[in-house]
Amino acid sequence: MKVIAAYLLAVLGGKTSPTAEDIKTILGAVGAEADEDRIQLLLKEVKGKDITELIASGREKLASVPSGGGGAVAVAAPAGGAGSAAPAAAEAKKEEKVEEKEESDDDMGFSLFD
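Residues numbered from 1 in each chain as written. Predicted model: local features only at pLDDT ≥ 70, side-chain atom pairs only at ≥ 80, totals over all residues. Heavy atoms only, no water.

Draft legend 1. Geometry of the overall build of the chain. What the chain contains, in helices and strands, is six helices and zero strands. For the chain, restricting intrachain contacts to residue pairs at least 6 apart in sequence, the fraction spanning at least 24 positions comes to 41%. Carbon and sulfur atoms make up 59% of the accessible area of the chain, which amounts to about 9,300 Å² in all. (Helix = DSSP H or I, 4+ residues; strand = E, 2+ residues; numbered from the N terminus. Contact = heavy atoms within 4.5 Å. Areas by Shrake-Rupley, 256 points an atom, 1.4 Å probe, with all protein chains shown as cover.)

This is how it looks when you write it as structure tokens:
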């Protein structure tokens with residue numbers, strides 16, 4: 001993932017076709033180790049392709065991936081006849097909200113953004 005991120009940073013920096021050295025330089029600047037095999041694999045896969053088209057293609061593929069998570073369980077529970085599952089889910093959401101408030105109380109009276 002860091003190799004892809006470095007490649008994209010090079011593209012954002014104005015390089016239309018970043019080299020292995022460009023990627024190694026970016027990774028070295030943040031103290032990350034450069035894996036030569038992964039760099040060469042990435043460069044081989046993107047050679048001659050437009051990065052914006054690759055990103056658009058990836059978004060289309062991700063759009064077809066189901067990502068229901070907990071929502072699918074809540075929908076399936078009433079269909080199975082378990083009526084108590086929905087109140088338990090609502091209670092869990094309530095507890096999450098309480099926890100978020102507790103986390104914000106731990107900021108010792110100041111915020112990084114104030």
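Draft legend 2. Spotlight on the nonpolar core. One finds V3, A6, Y7, A20, I23, L27, I39, L42, L43, V46 and I51 forming the largest nonpolar core, which totals 11 residues. Mapped onto this core, the elements with two or more residues apiece are α1 (2–12), α2 (20–29) and α3 (36–46). A total of four residues in this core trace back to one element, the largest contributor, which is α3. Those residues in contact with L42, other than ones at most four positions away along the chain, are V3, I4, Y7 and I23. (Core = buried A, V, L, I, M, F, W, Y, C linked by side-chain atoms within 4.5 Å. Buried < 20%, exposed > 50% of the residue type's maximum accessible area, 1.4 Å probe, protein only.)

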